[in-house]
Amino acid sequence: MLKPNMFYAELKDSYLFYNIAQKTKKYLEEHPGAHLYRMGIGDVSLPLAGEVIKGLHAAADEQADKKSFNGYMPECGAPFLRKAVRDYYASKGVELSEEEVFISSGASDELGDILDLFDRSNRSLIIEPAYPAYVDANVMGGREIVHLASGRENGFLPLPDDSAKAELLYICSPNNPTGAVFTREQLKAWVDFANANGSVILFDAAYEAFIEDETLPHSIFEIEGARTCAIEICSLSKTAGFTGTRLGYTVIPRELERSGMNFNSMWVRNRTTKTNGVSFVIQKGAAAVFTPEGQRQIHENIAVYKQNARVLMKALDKLGIWYTGGKNAPYIWMECPNGMGSWEFFDLLLNKVQIVGTPGEGFGKCGEGYFRFSTFGDPDDTAKAAELLTELLG
Ligand code: PLP
């Protein structure tokens with residue numbers, strides 16, 4: 001008899017964004033025409049950069065001509081884009097070979113698919129509060145999860161601890177939801193811990209482009225020793241507004257091996273079996289992101305989100321509210337005022353000032369009492385929301 005993957009029955013209902021949607025829908029039904037200040041969901045609001053659009057159009061034209069038409073793309077990525085990503089890393093002082101760069105349809109896809117490389121008996125350490133997909137992808141795979149809670153006492157940047165050992169270590173920096181960023185010294189501690197225990201770090205660098213403090217690392221491969229213990233997963237979703245266009249990249253160093261198995265070779269085999277690569281047109285659009293003009297344009301967009309962050313941080317500073325993030329990340333993670341619960345604070349903001357944020361509890365138990373603001377929204381709305389927040393809590 002056919003047996004479904006019964007681990008799916010162990011998934012907890014993902015009620016976070018569903019609950020937010022239900023509560024806002026109810027509010028709008030009761031207050032028709034009300035304007036909501038939406039700072040909940042981490043989706044971008046600005047369109048693709050002009051250079052990317054040019055790249056997409058040119059690629060569509062190539063596909064229209066028999067002489068330049070492309071069929072299947074190489075499964076691990078078009079050479080022109082693997083090289084562009086390699087050069088981007090080189091510009092940050094990280095030397096990679098093009099064969100160590102794999103082009104993907106986005107970080108979510110890779111964060112789930114990469115688990116194929118690891119035996120089900122491996123445990124996964126997840127630093128919480130966390131991006132919810134880490135937990136769910138591991139539950140689906142039947143893996144034991146080791147939860148490592150973080151909090152205000154360590155700035156939501158916990159260090160490795162022998163009581164929380166696991167074979168797979170998820171690290172997201174800059175972090176979603178907290179916006180906190182690990183320093184070089186802190187990441188070095190994680191790399192040493194992974195090498196000493198034979199663990200592999202799955203490093204999620206989806207928000208690296210938001211780092212403005214020059215001392216902070218953009219890539220785990222800036223840290224000595226990472227080539228023998230880390231895989232990096234990245235995305236153009238937030239960097240370049242590709243949430244709906246879809247493109248990411250994954251770096252697996254040639255040196256990464258366990259039990260005589262080479263993870264780079266295994267991933268080549270995996271990709272050539274399970275995908276037929278990413279669309280040529282999208283890869284051409286993505287390559288434009290890595291040109292000097294493309295970089296200038298995407299940083300113009302990032303500057304708009306950073307200005308939103310500054311406006312919100314100024315309001316919180318004025319109110320004397322504790323928070324992380326904002327400076328080197330597109331999220332601000334604030335402590336709810338007066339010991340409020342995170343859903344209680346959500347209701348207060350929605351009902352009193354029509355601001356929609358995300359309750360911290362949705363990212364893990366230790367997120368209770370905290371609240372996330374996304375800075376990807378409309379600048380006028382963000383400025384008004386900051387004003388309303390100051391009036392309400394001042
Ligand atoms: N990783 C983190 C930490 C994220 O916050 C997100 C999206 O919000 C992703 C990965 C997914 O990125 P993508 O759009 O490339 O699938």
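Scope of this entry: the structure provided in the associated data block. (Residues numbered from 1 in each chain as written. Predicted model: local features only at pLDDT ≥ 70, side-chain atom pairs only at ≥ 80, totals over all residues. Heavy atoms only, no water.)

It is worth spelling out the nonpolar core at this point. Residues Trp190, Ile201, Phe242 and Tyr249 are the most contacted members of the largest nonpolar core, which totals 52 residues. Once residues lying within four places of it in the same chain are set aside, the contact partners of Ile201 are Leu169, Ile171, Trp190, Val191, Ala194, Ile220, Cys229, Ala230 and Ile231. Listed in part, the 36 residues of the second largest apolar core include Tyr37, Leu319, Ile355 and Leu389. (Core = buried A, V, L, I, M, F, W, Y, C linked by side-chain atoms within 4.5 Å. Buried < 20%, exposed > 50% of the residue type's maximum accessible area, 1.4 Å probe, protein only. Contact = heavy atoms within 4.5 Å.)

Within the secondary structure layout, Lys238 lies in the loop between strand E7 (230-235) and strand E8 (248-251). No salt bridge is formed by the buried Lys238; its nearest oppositely charged neighbour, Asp43, is found at 6.3 Å. Only 2.8 Å separates the side chain of Lys238 from the backbone oxygen of Gly42, close enough to count as a polar contact. (Helix = DSSP H or I, 4+ residues; strand = E, 2+ residues; numbered from the N terminus. Lys, Arg positive; Asp, Glu negative; His and termini not counted. Salt bridge = Lys/Arg side-chain N within 4 Å of Asp/Glu carboxyl O. Polar contact = N/O pair within 3.5 Å; in protein donor to acceptor, adjacent residues only side chain to side chain.)

With that settled, the discussion passes to the site of the ligand. Of all residues adjacent to the ligand, which total 15 residues, the nearest are Asn176, Asp204, Tyr207, Ser235 and Ser237. A distance of 2.6 Å separates an oxygen atom of the ligand from a polar side-chain atom of Ser235. In the environment of the ligand, an oxygen atom lies 2.8 Å from a nitrogen or oxygen atom belonging to the side chain of Lys238. Starting from 400 Å² of accessible surface for the ligand in isolation, the protein chains cover 91%. By residue number, the principal contributor to the shell around the ligand is helix H4 (residues 107-113), which donates 3 residues. Considered class by class, the residues forming the shell around the ligand number 7 nonpolar, 5 polar and 3 charged. (Near = heavy atom within 4 Å. Areas by Shrake-Rupley, 256 points an atom, 1.4 Å probe, with all protein chains shown as cover. Nonpolar A, V, L, I, M, F, W, Y, C, P; charged D, E, K, R; others polar.)

A few words now on the pairing of strand E5 (residues 168-172). Where burial is concerned, most of E5 is hidden: 5 out of the 5 residues are buried. Of the two faces of E5, the one holding Leu168, Tyr170 and Cys172 and the one holding Leu169 and Ile171 are both buried throughout. Looking at chain direction, strand E3 (residues 124-128) and E5 are connected through 3 bridges and run parallel. The residue bridging Ser124 from the neighbouring strand is Leu168, located in E5. Both E5 and strand E6 (residues 200-204) contribute to a ladder of 5 bridges, which runs parallel. When the bridges of E6 are listed, Cys172 appears paired with Asp204. Crossover connection from E5 via helix H6 (residues 184-197) to parallel E6: handedness right-handed. (Pairing = 2+ DSSP bridges. Right-handed = clockwise from strand over helix to strand, strands pointing away.)

Where two aromatic rings form a pair, the distance of their centres and the angle of their planes describe that pair. This model, assessed by the stated rule, comprises 23 aromatic pairs. With centroids separated by 5.8 Å and ring planes inclined at 90°, the aromatic side chains of Phe210 and Phe376 adopt a geometry described as edge-to-face. Of this pair, Phe210 sits in the loop between E6 and E7 while Phe376 is found in the loop between strand E15 (370-374) and helix H11 (379-393), placing the two residues 166 residues apart along the sequence. The cationic tip of Arg82 hangs over the ring face of Phe102; the distance from NZ or CZ to the ring centre is 5.5 Å. Seen from the ring of Phe80, Lys284 lies directly overhead, with NZ or CZ sitting 4.4 Å from the centre. (Phe/Tyr/Trp six-rings, centres within 6.5 Å; stacked < 30°, edge-to-face > 60°. Lys NZ or Arg CZ within 6 Å of the ring centre and 35° of its normal.)

Per the counting criterion, the structure on display carries 23 salt bridges. Note that Glu29 and Lys25 form a salt bridge whose closest N and O atoms lie 3.8 Å from each other. Taken together, the residues Glu29 and Lys25, both in helix H1 (residues 16-30) and 4 residues apart, mark about one turn of the helix. Taking the relative accessible area as the measure of exposure, Glu29 reaches 55% and is therefore exposed. Looking at Lys25, the relative accessible area reads 48%, which means it is partly exposed.

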